[in-house]
Amino acid sequence: QGTIVVQVRVAALGAEYILILADDRTEITRTEEIRNDFVANVSHELKTPVGAISLLAEAIDDAAEDEVAVRRFAQRMHKESGRLSALVQDIIELSRLQGADVVRRGKPVDINSVVAEAVDRNKLPAESKQIDIVVGGSVSVPVHGDRDLLMTAFRNLIDNAIRYSPEGTRVGVGLRSRDGLVQVSVTDQGVGITPEEQERIFERFYRIDAARSRQTGGTGLGLSIVKHVVSNHGGEVTVWSQPGQGSTFTVRLPEMEVAVDDDAAA
Ligand code: ADP
């Protein structure tokens, strides 16, 4: 597929050559399609908060005399602009990831401290839902890569665990080193994800319940960013879930190889 095979008889040499032209047009078309879809989705997603902000500005103008209404519209406007800025932030993050050769330019990253900071940054939303975040275990070897990107990935997973869980539940974050891999799992006692949905949640802008996701401030890009960050680091992210019981997202990253100094060893 995508390959043209041409048989060429070169009479002068009395031999027959088979010329294989690898036609990567199909690949280019596919990439283009994905990009076009993404642009269409971005335009659509941006239109919603921008449209709402514009309508709310008009409403404030019309309701100038009614102080209570003005305040209510202003609060909604604040919420919509928050959504807009989260969306722009995620889009920038995703486009930054497209061409990033993070591993080549990377540095040793201590995943214990990245996870601790990601947990810390999710403290407020967790507290507001009386959710306990419990961290267990640790890893012994660093990962080679980009600390900020890895932080974003773990923050997104913990943020989702809180967002899609009821009040008063628990989020567990487990770390361990195993078979040359650094493994981080985020477990919640939330709504869970059906097997069919599990196949789609890593797609850009895919949300199981768009209204609920928007309500809770989701952009639909979080898991897609996680997947990109993890694969850029040569790792993988998997999900295990039982609808109604909870979910576990597991990230596995290759441990940084320790350079062996031959002279010193000898
Ligand atoms: P969003 O911004 O909507 O959260 P994500 O890409 O982070 O976008 O997630 C995609 C969808 O996957 C979410 O809309 C939600 O339906 C589902 N999802 C993600 N994490 C969880 C979780 N921990 N528990 C249940 N559903 C989840």
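For the chain, the name recorded in an unreviewed UniProt entry is Sensor-like histidine kinase SenX3, with Arthrobacter pityocampae as its organism. Database annotation for the chain, UniProt heading Subcellular location (unreviewed entry): "Cell membrane". Per its UniProt entry, the chain bears the Catalytic activity (unreviewed entry) comment "ATP + protein L-histidine = ADP + protein N-phospho-L-histidine."

Another point: the pattern of salt bridges. Following the criterion strictly, the structure yields nine salt bridges and no others. As a salt-bridge pair, E117 and R121 come within 2.7 Å of each other at their nearest N and O atoms. Linking E117 with R121, this pair stays in helix α4 (residues 111-121), spanning four residues, or about one helical turn. With its nearest N and O atoms 3.3 Å apart, the salt bridge here joins D120 to K123. The partly exposed category is assigned to K123, whose relative accessible area is 44%. A network of salt bridges, in which partner residues are shared, links E117, R121 and R147.

A separate point is the site of the ligand. Lining the immediate environment of the ligand, one finds 21 residues, of which Y164, D188, S213, T219 and G220 sit closest. Taking Y164, its side chain carries an N or O atom lying 2.7 Å from an oxygen atom of the ligand. Contacts to the ligand include D188, whose side-chain N or O atom sits 2.8 Å from a nitrogen atom. When isolated, the ligand has an accessible area of 530 Å², and the protein chains bury 98% of it. Counting atoms within 2 Å of the grid points, the majority share of the ligand lands in the largest pocket.

So, about the packing of aromatic side chains. Per the counting criterion, the structure on display carries one aromatic pair. The ring of F73 has R72 lying over it, and the distance from NZ or CZ to the ring centre is 5.4 Å.

This part is about the packing of α4 against helix α6 (residues 147-163). Remark: α4 packs on α6, axes separated minimally by 9 Å, with the N-to-C direction vectors making an angle of 50 degrees. By the angle between their directions, the pair α4 and α6 is classed as oblique. Between α4 and α6 lies a crossing of right-handed hand. On α6, the residues that touch I111, S113, V114, V115, E117, A118, V119 and R121 of α4 are R147, L150, M151, F154, R155 and I158.

Moving on to the pairing of strand β6 (residues 170-178). Across six bridges, the pairing between strand β4 (residues 132-137) and β6 is parallel. Note on β6: the bridge partner recorded for G137 is L175. Sheet topology places β6 next to strand β7 (residues 181-188); seven bridges connect them, and they run antiparallel. Along β7, the bridge assignment pairs L175 with V184. The antiparallel hairpin formed by β6 and β7 contains two residues in its connecting segment, where D179 sits at a positive phi of about 50 degrees.

The next thing to look at is the side chain of T250. Here T250 is to be found in strand β9 (residues 246-254). Aside from chain neighbours lying at most four places away, what touches T250 is Q183, V184, S185, E236, V237 and T238.

A few words now on empty space enclosed by the protein. According to the stated counting rule, one finds one cavity of 30 Å³ or more in the structure shown. Considering only enclosed or pocket space, the largest cavity measures out at about 60 Å³ in volume. If you trace the largest cavity, you find it lined by E45, P49, R83, L84, L87, R207, R214, G217, G218 and T219. Among the elements of the structure, α1 (25-62) and α2 (67-98) are those that each provide at least two residues to the lining of the largest cavity.

Scoring rules and cut-offs
- Residues numbered from 1 in each chain as written.
- Predicted model: local features only at pLDDT ≥ 70, side-chain atom pairs only at ≥ 80, totals over all residues.
- Heavy atoms only, no water.
- UniProt positions renumbered as here; feature names shortened; annotations may be inferred.
- Salt bridge = Lys/Arg side-chain N within 4 Å of Asp/Glu carboxyl O.
- Helix = DSSP H or I, 4+ residues; strand = E, 2+ residues; numbered from the N terminus.
- Buried < 20%, exposed > 50% of the residue type's maximum accessible area, 1.4 Å probe, protein only.
- Near = heavy atom within 4 Å.
- Polar contact = N/O pair within 3.5 Å; in protein donor to acceptor, adjacent residues only side chain to side chain.
- Areas by Shrake-Rupley, 256 points an atom, 1.4 Å probe, with all protein chains shown as cover.
- 1 Å grid on protein atoms, 1.4 Å probe; cavity = no way out; pocket = protein on both sides within 12 Å on 5 of 7 lines; lining within 4 Å.
- Sits in = over half its atoms within 2 Å of the grid points.
- Phe/Tyr/Trp six-rings, centres within 6.5 Å; stacked < 30°, edge-to-face > 60°.
- Lys NZ or Arg CZ within 6 Å of the ring centre and 35° of its normal.
- Axes fitted to C-alpha atoms, helices over the stretch in contact; angles between N-to-C directions.
- Parallel < 35°, antiparallel > 145°, perpendicular 65-115°, else oblique.
- Left-handed = near helix turned anticlockwise from the far one by under 90°.
- Contact = heavy atoms within 4.5 Å.
- Pairing = 2+ DSSP bridges.
- Points joined across faces, edges and corners; volume = space filled by probe spheres on them.

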